[in-house]
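Report on the structure
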Amino acid sequence: EPEVTQTPSHQVTQMGQEVILRCVPISNHLYFYWYRQILGQKVEFLVSFYNNEISEKSEIFDDQFSVERPDGSNFTLKIRSTKLEDSAMYFCASRPQGARSPLHFGNGTRLTVT
Amino acid sequence: AQSVTQPDIHITVSEGASLELRCNYSYGATPYLFWYVQSPGQGLQLLLKYFSGDTLVQGIKGFEAEFKRSQSSFNLRKPSVHWSDAAEYFCAVESPNTGNQFYFGTGTSLTVIP
């Protein structure tokens, strides 16, 4: 069964550094998402992406965050200048259509900002 | 505002016992409903989904859930729990009227004792 893959599985970075989290969504999916989960807390929506542009973003997704689909397969999340509070598990998800279809999640990237 | 409530933060059951995990949502119309399971270090795996029709839905791993409109609930059940069911369970709501966003509950952690 096709899977959403995320790399790396764990990223450690220093405060103020830029990080790029990478995702390869399922190939025939059209809608892409980033979520994050701070340890012990709920899964929070960051951003959705469709047709090469952001379709919706949350309050968390401020100017420090950006997403890109640089080619036909990758979907990246960039954090320009990381803060301690960015430490979390970041999940990429995709789905084939925009409604009435479940999200398919990757295994996540654990980001640790020191 | 849309919200998803999972009242039980942590549940412990004996192997072989039945299980019910509660989920309540606050939404103006019938949303699309999902249950996901997260094993340690893993992403979120879809257990089952409800869009319309029969209010009792069957999922993978022997799980089922029942949509009750009058109670705004979508509780997850399993007749006989296995040790491998120990995980974090998330209820999620897709909101058709707000860009088909997914909203997750805070999760219920399930411990299974022999």
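The text that follows walks through the structure, step by step, so that each part is easy to find.

What counts, and at which threshold
Residues numbered from 1 in each chain as written. Chains lettered and ligands numbered in written order. Predicted model: local features only at pLDDT ≥ 70, side-chain atom pairs only at ≥ 80, totals over all residues. Heavy atoms only, no water. Helix = DSSP H or I, 4+ residues; strand = E, 2+ residues; numbered from the N terminus. Polar contact = N/O pair within 3.5 Å; in protein donor to acceptor, adjacent residues only side chain to side chain. Contact = heavy atoms within 4.5 Å. Pairing = 2+ DSSP bridges. Axes fitted to C-alpha atoms, helices over the stretch in contact; angles between N-to-C directions. Salt bridge = Lys/Arg side-chain N within 4 Å of Asp/Glu carboxyl O. Buried < 20%, exposed > 50% of the residue type's maximum accessible area, 1.4 Å probe, protein only.

All names here are of chain A. The topology assignment puts Ser94 in strand β9 (residues 88–95). Reaching out from Ser94, the side chain makes a polar contact with the side chain of His29 at a distance of 2.7 Å. The contacts of Ser94, once residues within four sequence positions are left out, are Val4, Pro25, Ile26, His29, Tyr31, Phe32, Tyr33, Pro102, Leu103 and His104.

Now for the sheet that holds strand β7 (residues 65–68) of chain A. All names here are of chain A. Here we have four strands laid out as an open sheet, ordered β1-β3-β8-β7, and antiparallel in their pairing. The open sheet has two edge strands, β1 (5–7) and β7, and neither has a second partner. Recorded for the sheet is a direction-independent mean angle of 20 degrees between the axes of neighbouring strands.

All names here are of chain B. Within this structure, the stated rule accounts for six salt bridges over all chains. As a salt-bridge pair, Glu64 and Arg77 come within 3.3 Å of each other at their nearest N and O atoms. Pair noted here: Glu64 is in strand β8 (residues 64–68) and Arg77 is in strand β9 (residues 73–78), with a separation of 13 residues, a long-range link. For Glu64, a relative accessible area of 19% gives the class buried. Assessed through its relative accessible area of 23%, Arg77 is described here as partly exposed.

Following Thr7 of chain A, the chain continues into Pro8 of chain A via a peptide bond in cis, with omega recorded as -10 degrees. In this structure, Pro8 of chain A sits in the loop between β1 and β2 (10–13). In this model, Asn51 of chain A sits at a positive phi of 55 degrees, which is unusual for a non-glycine residue. Locating Asn51 of chain A in the fold gives a position in the loop between β5 (43–50) and β6 (53–57). Despite not being glycine, Ser72 of chain B has its phi angle at roughly 50 degrees, a positive value. Checked against the element boundaries, Ser72 of chain B lands in the loop between β8 and β9.

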